Amino acid sequence: MNKIFNFSAGPSTLPEQVLRQVKKELYNWDNMGVSVMEISHRSTEFLQLMQNAKQDICDLLNIPETYEVLFCHGGARAQFSAIPMNLLKTSSDNVDYINTGYWAYSAAIEAKKYCDPRIINVSNKKNGLYNIQSISKWDISTNSIYVHYCPNETIDGTAIYETPNFSDKIVIADCSSTLLSRPINISRFGIIYAAAQKNIGISGLTVVIIRKDLLQIPHRKKIPSILNYKILADNYSMFNTPVTMSWYIASLIFKWLKKQGGLKKINERNQEKSDFLYNAIDSSDFYYNNVDLSNRSCMNVPFFLKNNNLNNLFLKESTCFGLRGLQGHRIVGGMRASLYNAMTLEGVQKLVEFMKLFSEKYS
């Protein structure tokens, strides 16, 4: 079979080495004679996997001991509800939601079920390019309990590379598409959460990194146990049966990242990949990107054909060329190449090669 490169925004491509290990261990994990999908999550063997996975992600992100790592159900959308339920005492508590795009706004809309969030718009369009205000210009409320934002919008391909420094606020970040793609200063945040199907593994698992003192906040009302951070922490993320296969693959991803040299090294690769693709777009009169240079995402690169009538043909021929998942989100159209950790430079080079051939053929 010819090699296929998968540029899907999620579920995303996985490292080839990890897939090979899954295949090798599928019928006989840890020399037990059965699959990891078949054993008890409370068995000695799986508990060891869980402990190793937790230690590995702590090592990769340099997570301080004052933080707890939870492995949760429900994707990032579950956290849209869990966060206000866990942190607010009353529905009148003030919170700030920074609106950078679709996912940040979706979190704010969900929060409206539990409070009246103040939505702060920070995205602009100037000279045809989208940009995001510098964090220093965000109109944060003086009495807000927490500030929620999304540092990478997968649909629009916009990113925030600054790190918030609101010492008197609980800063919360939806890092679903960026966690483990580069180093991050965990101590600047109260909560960081990320769905797994970008850089962590396969769908079903959500990582929540939470400052331990936030586990003690009195709740405004009873919370479903599966969304209660204190209950999850007290039960080592095993209040009920976890998504064992997703947890297993995440554990392999963590070890793979360590073998790659950690997050500093993987960030260098991600920069190289995205720079290569953006340079190809910028040097062409056939394609264009509509995001300001300072806010271009390294993870999700949207691009458009100046002749929209060629979109379907581009997708059809790119698939035949061995490139999948390039269709842009239905909201914005065009194309989108997601360059998560597992995407190789070889894959990006093949995409650029096809883009050049296609433009020469149809320009």
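Residues numbered from 1 in each chain as written. Predicted model: local features only at pLDDT ≥ 70, side-chain atom pairs only at ≥ 80, totals over all residues. Heavy atoms only, no water.

1. Structural notes on the sheet that holds strand S2 (residues 67–72)
Move 1: Overall, mixed pairing links the seven strands, which are arranged S2-S12-S11-S10-S7-S3-S4 in an open sheet. The sheet is open, and its two borders are formed by S2 and strand S4 (118–121), each paired with just one other strand. The sheet shows a mean angle of 15 degrees between the axes of neighbouring strands, taken without regard to direction.
Move 2: This element, helix H3 (residues 75–87), spans S2, strand S3 (96–99), strand S7 (146–149), strand S10 (170–174), strand S11 (191–195) and strand S12 (206–211) of the sheet and lies at about 155 degrees to S11.
Move 3: Those strands touched by helix H4 (residues 102–111) are S3, S4 and S7, and its axis lies near 150 degrees from that of S3. (Pairing = 2+ DSSP bridges. Helix = DSSP H or I, 4+ residues; strand = E, 2+ residues; numbered from the N terminus. Axes fitted to C-alpha atoms, helices over the stretch in contact; angles between N-to-C directions. Contact = heavy atoms within 4.5 Å.)

2. Some points on the packing of helix H8 (residues 311–320) against helix H9 (residues 345–362)
Move 1: H9 packs onto H8 with a crossing angle of 130 degrees between their chain directions and a minimal axis gap of 11 Å. One element, H8, and the other, H9, form an angle in the oblique class. Of the two elements, H8 crosses H9, and the hand of that crossing is right-handed. Contacts between H8 and H9 involve Leu 313, Phe 314, Glu 317 and Ser 318 on the former and, on the latter, Phe 354, Met 355, Phe 358, Lys 361 and Tyr 362.
Move 2: Of the residues that constitute the contact of H8 with H9, the class distribution is six nonpolar, one polar and two charged. (Parallel < 35°, antiparallel > 145°, perpendicular 65-115°, else oblique. Left-handed = near helix turned anticlockwise from the far one by under 90°. Nonpolar A, V, L, I, M, F, W, Y, C, P; charged D, E, K, R; others polar.)

3. With respect to the nonpolar core
Move 1: Leu 179, Leu 180 and Ile 209 are the most contacted members of the largest nonpolar core, which totals 56 residues.
Move 2: The greatest single-element share of this core, amounting to ten residues, is contributed by helix H6 (residues 244–259).
Move 3: The contact partners of Leu 179, leaving out residues within four places of it in the chain, are Leu 61, Ile 192, Ala 194, Asn 199, Ile 200, Val 207 and Ile 209.
Move 4: Within the second largest apolar cluster, 33 residues are counted, among which are Cys 72, Ala 108, Cys 115 and Ile 210. (Core = buried A, V, L, I, M, F, W, Y, C linked by side-chain atoms within 4.5 Å. Buried < 20%, exposed > 50% of the residue type's maximum accessible area, 1.4 Å probe, protein only.)

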